[in-house]
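# Tertiary structure, described
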Amino acid sequence: MATQKKVKKEKGHVNKAGMLQAPVKGTPVQLPEQFDSKFITTDLISEIRETTEEIQSLLLTKSRVDVRIGEALATLKSQFTAYGHQKKLSTKEAEQAFGEFVQAVFNIGDTRANEYIRVTKKKELEGLKLTISNLVELSRLPDDALGEFLEEHPAEELSTMSFRKMQTLVRENNENSRPKVSSSGGGGGGSRSVGRSTDAEETPSAPAPVLPQGNVERELAVLMDDDSEDATEIVGAIVENPTVATAKLRSAFESFKHAFESEKLTLDAETVLSEIKEWHSHLTKKAKGV
């Protein structure tokens, strides 16, 4: 009689609510060389390092969910815009309505929602294993500056960079957020004043939104190791429907048109447009029973 092979399973942790939590593999964190608080000593850092790295892993897993939320918010916003066009309403009215809706329904402020959406529009940020706060900071950079920034700071460096350092570097590389210097008066006795740019993209980082407690996808994902197959399945388990798919296509098409406003269509772009045209022709013939 064959003996049954026993598979050793790693034990999880049961929290106070009685839920089993999977163990979390820690992710290295780069800490500042010095803290303002004298309480934070090297001895304390040594004691809390394991917990700190566990939190970093959870934040990275949470970031993947947040990016998916950003994609869904972009879809939702495009639906508001499309409805506004149908009803002959202004874009401003659609945006204001969208802001009120996400605040009332999801408890996400308009500014934060647009920050999430902005992250999803920056294709250069895809695949970076960074917290959502760091991704938001990077998304503030104009496309050209972002490309240069990512060349100077490879993904390996960014993955260990603290939020404070990331924020500082982004501001140094963002012309829109650099202080503007103005001078007045003559005779060598001019006065100078320094002020921050009022660029709409440069908004202060808001705290992460408190999402509805019933969001099971988020609650499960943050309990799992970022690299686990289960976490990947949960984050990707969103079933499409024609309405949502159409809104996503509209949002993607707007970005597509913007990208080629002053550029010639590439071969890939031509191919995609041809495929869409052929597919539409196929559907038309199918509807007519041809």
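To be clear, the structure that these remarks concern was listed above.
Let me begin by describing the structure that accompanies this report. Note that the structure is predicted; figures quoted are calculated from it, not measured.

As a further point, take the packing of aromatic side chains. Within this structure, the stated rule accounts for five aromatic pairs. Seen from their ring centres, F253 and F256 are 6.3 Å apart, and the 15° between their planes marks the pair as stacked. You can see F253 and its partner F256 sitting in helix α10 (residues 242-259), three residues apart, about one turn around the helix. A residue is classified by how much of its surface remains accessible, and F256, at 24% relative accessible area, is partly exposed. Between F256 and F260 the ring centres are 5.0 Å apart and the planes differ by 50°, which places this aromatic pair in the tilted class.

To continue, consider a negative patch on the surface. A cluster of acidic side chains, namely D144, E148, E151 and E152, defines a negative patch on the protein surface. Among the secondary structure elements, E152 is positioned in helix α5 (residues 143-152).

One finds L73, L128, L138, F149, L158 and M166 to be the most contacted residues of the largest nonpolar core, which totals 29 residues. Elements with a minimum of two residues in this core: α1 (42-86), α2 (91-106), α3 (110-121), α4 (132-139), α5 and α7 (163-173). Considering each element in turn, this core owes the most residues, five residues, to α1. Sequence-distant contacts of L73, that is, excluding residues within four places in its chain, are made with F98, V102, A113, Y116 and I117.

Even without being a glycine, K88 presents a positive backbone phi close to 60°. Position of K88 relative to the elements: it lies in the loop between α1 and α2. Its identity is not glycine, yet N107 carries a phi of approximately 60°, on the positive side. Among the structural elements, N107 can be located in the loop between α2 and α3.

Calculation rules
- Residues numbered from 1 in each chain as written.
- Predicted model: local features only at pLDDT ≥ 70, side-chain atom pairs only at ≥ 80, totals over all residues.
- Heavy atoms only, no water.
- Phe/Tyr/Trp six-rings, centres within 6.5 Å; stacked < 30°, edge-to-face > 60°.
- Helix = DSSP H or I, 4+ residues; strand = E, 2+ residues; numbered from the N terminus.
- Buried < 20%, exposed > 50% of the residue type's maximum accessible area, 1.4 Å probe, protein only.
- Patch = residues over 30% accessible without salt bridge, like charges linked within 9 Å, V, L, I, M, F, W, Y side chains within 5 Å.
- Areas by Shrake-Rupley, 256 points an atom, 1.4 Å probe, with all protein chains shown as cover.
- Salt bridge = Lys/Arg side-chain N within 4 Å of Asp/Glu carboxyl O.
- Lys, Arg positive; Asp, Glu negative; His and termini not counted.
- Charge placed at Lys NZ, Arg CZ, Asp CG, Glu CD.
- Core = buried A, V, L, I, M, F, W, Y, C linked by side-chain atoms within 4.5 Å.
- Contact = heavy atoms within 4.5 Å.

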